[in-house]
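Tertiary structure, described
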Amino acid sequence: MTDDAAPDRRSPGPVPDLRASDADRERVAEILRDGLAEGRLDMAEFEERLESAYRARTYGELAPLTSDLPAAAAPVSFTKRPVDDGSWASRIVGGEGTSTGAVAVLSGFQRKGRWTMPKKFTCFAFMGGGEIDLREAFFADREVEISCVAVMGGLEVIVPPGVEVVVRGIGIMGGFEHLDRDEPGDPGAPRVIISGFAFWGGVGVERKLTRAERQRLKQLRRQERLDRRDARQELRRGRREDRGR
């Protein structure tokens, strides 16, 4: 590759001095919890790193906490974040994903906000709960799969409008919920396959707008009402002027 080649917008770049956000710290905490659940960290290491994560102020302070774990998050490993320009194409970014799975045993987990959904994400809940929220997520591939196993627990998958969803899970003395209304995917949108089973538990699937999008639509409807009111008032003024002539 020559020096003047155009850089990949997902190529790594050192940004250790950038300030970390609460979301960055929480992503590190999620990776540490996964490391504990998988036996990669013992409890003492987990507690020490978790405390350091919540004290960290920059990416440079966060990076060492997950450098020896396989599911290091993009900002922690100094990878430039993908840029969402509003198109589906910009949200299909390739790569390995932020994390490949989550476990909730008498506890809970969340994957939400700006994270990268891998080609396959496996989650398990036993007397606990989990939430996989794809409304603001990037996607490692055009087609991704979420494998859900809920045993006396609950898992919820939230997808944005426009994403094609295929539900293949089953419920055994439990519920594996399908969408109330199937919608064809937007052109270029990712396809999400949800598989697995629920035993004395439940897996829910729901379409929701993000809070920002709901607020934007609310403001749009309010502006439309104001525009209609102004139009009616202008029409009344025009009629009064016509009668006064």
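First, a word on what this report is: a plain description of the structure on this page. Residue numbering note: each chain is counted from 1, following its sequence as written. Selection of residues for local features in this predicted model requires a pLDDT of at least 70, selection of side-chain atom pairs for listing and counting requires 80 or more, and totals for whole chains, interfaces and linings are taken over all residues. Each side-chain value is derived from all of the structure's non-hydrogen atoms; neither hydrogens nor water enter the calculation.

Here's the deal with the nonpolar core
Among the nonpolar cores identified, the biggest contains 30 residues, and Ile132, Leu134, Ile146 and Cys148 are the most heavily contacted of them. Elements that contribute at least two residues to this core include exactly strand E1 (101-105), strand E4 (120-126), strand E7 (143-151), strand E8 (154-159), strand E9 (164-167), strand E12 (191-199) and strand E13 (202-207). The secondary structure listing takes helices from DSSP runs of H or I that are at least 4 residues long and strands from runs of E that are at least 2 residues long, numbered from the N terminus. The leading source of residues in this core is E7, at four residues. Ile132 has contacts with Phe109, Arg111, Trp115, Phe121, Cys123, Ile146, Glu156, Val157 and Ile158, leaving out every residue within four places of it along the chain. In this description, a nonpolar core means a group of buried Ala, Val, Leu, Ile, Met, Phe, Trp, Tyr and Cys residues linked to one another through side-chain atoms lying within 4.5 Å. Each residue gets one of three labels from its accessible area relative to the maximum for its type: buried under 20%, exposed over 50%, partly exposed in between, using a 1.4 Å probe on protein chains only. In this description, contact between two residues means that some pair of their heavy atoms is separated by no more than 4.5 Å.

Thoughts on the packing of aromatic side chains
Note on aromatic contacts: the rings of Phe and Tyr and the six-membered ring of Trp form a pair at centre separations within 6.5 Å, being stacked when their planes are under 30 degrees apart, edge-to-face when over 60 apart, and tilted otherwise. In this structure the tally under the stated criterion is two aromatic pairs. A ring pair is formed by Trp115 and Phe121, whose centres lie 5.7 Å apart and whose planes are at 70°; its orientation type is edge-to-face. What makes Phe121 buried here is its relative accessible area of 0%. When the ring of Phe199 is compared with that of Trp200, the centres are 5.6 Å apart and the planes differ by 0°; the resulting orientation is stacked. Judged by relative accessible area, which is 30%, Phe199 ranks as partly exposed.

Re the environment of Thr66
Along the polypeptide, Thr66 turns up in helix H3 (residues 59-66). Between the alpha carbons of Thr66 and Leu32 there is a distance of 7.2 Å; along the sequence they are 34 residues apart.

Let's talk about helix H2 (residues 43-55)
Across its 13 residues, H2 extends 18 Å between first and last C-alpha, which sits within 8% of the 18 Å expected from 1.5 Å per residue. Residues Phe46, Arg49, Leu50 and Ala53 constitute the buried set of H2. Viewed end-on, H2 has its buried residues packed into an arc of 105°, placing them on one side of the element. Of the exposed residues in H2, the ones pointing more than 90 degrees away from its buried face are Ala44, Glu48 and Arg55. Looking at the buried residues of H2, the elements they touch are helix H1 (22-37) and H3. Whenever two N or O atoms come within 3.5 Å, that pair is a polar contact, provided that in protein one can donate a hydrogen and the other can accept it, and provided that, for residues adjacent in sequence, both atoms are side-chain atoms. By the N-cap criterion, in which a side-chain oxygen at the helix start approaches the backbone nitrogen of a residue two or three places on, H2 is capped by Asp42, the distance to Ala44 being 3.2 Å. One less than the residue count of a helix, multiplied by 1.5 Å, gives the span that helix is expected to have. Think of it as the arc spanned by the lines of direction from the helix axis to the C-beta atoms.

A closer look at the sheet that holds strand E5 (residues 129-133)
In this scheme, strands are said to pair when DSSP sees at least two bridges between them. The five strands lie next to each other as E2-E5-E8-E13-E11, forming an open sheet whose pairing is parallel. Unpaired on one side and paired on the other, strand E2 (108-111) and strand E11 (175-176) mark the two borders of the sheet. Inspection of the sheet shows E11 paired to E13 by two bridges, in the parallel sense. In the sheet register, Gly175 faces E13, and the bridge partner there is Gly202.

Observations regarding the pattern of salt bridges
Any two side chains of opposite charge can pair, so long as their charged atoms come close to each other. Salt bridges, as used here, are contacts in which a Lys or Arg side-chain nitrogen is within 4 Å of a carboxyl oxygen on Asp or Glu. Going through the model one piece at a time under the given rule, you end up with 10 salt bridges. One salt bridge in this structure joins Glu30 and Arg111, with 3.6 Å as the shortest N-O distance. Here the residue Glu30 occupies a position in helix H1, and Arg111 occupies one in strand E2, the gap between them amounting to 81 residues. Residues Glu30 and Arg111 agree in their burial class; the two are buried. The partner of Arg191 in a salt bridge is Glu164, and the shortest N-O contact between them spans 3.2 Å. With Arg191 in strand E12 and Glu164 in strand E9, this pair connects stretches of sequence that are 27 residues apart. Residue classification places Glu164 among the partly exposed residues on the basis of a relative accessible area of 27%.

These figures come from the coordinates and say nothing about function on their own.
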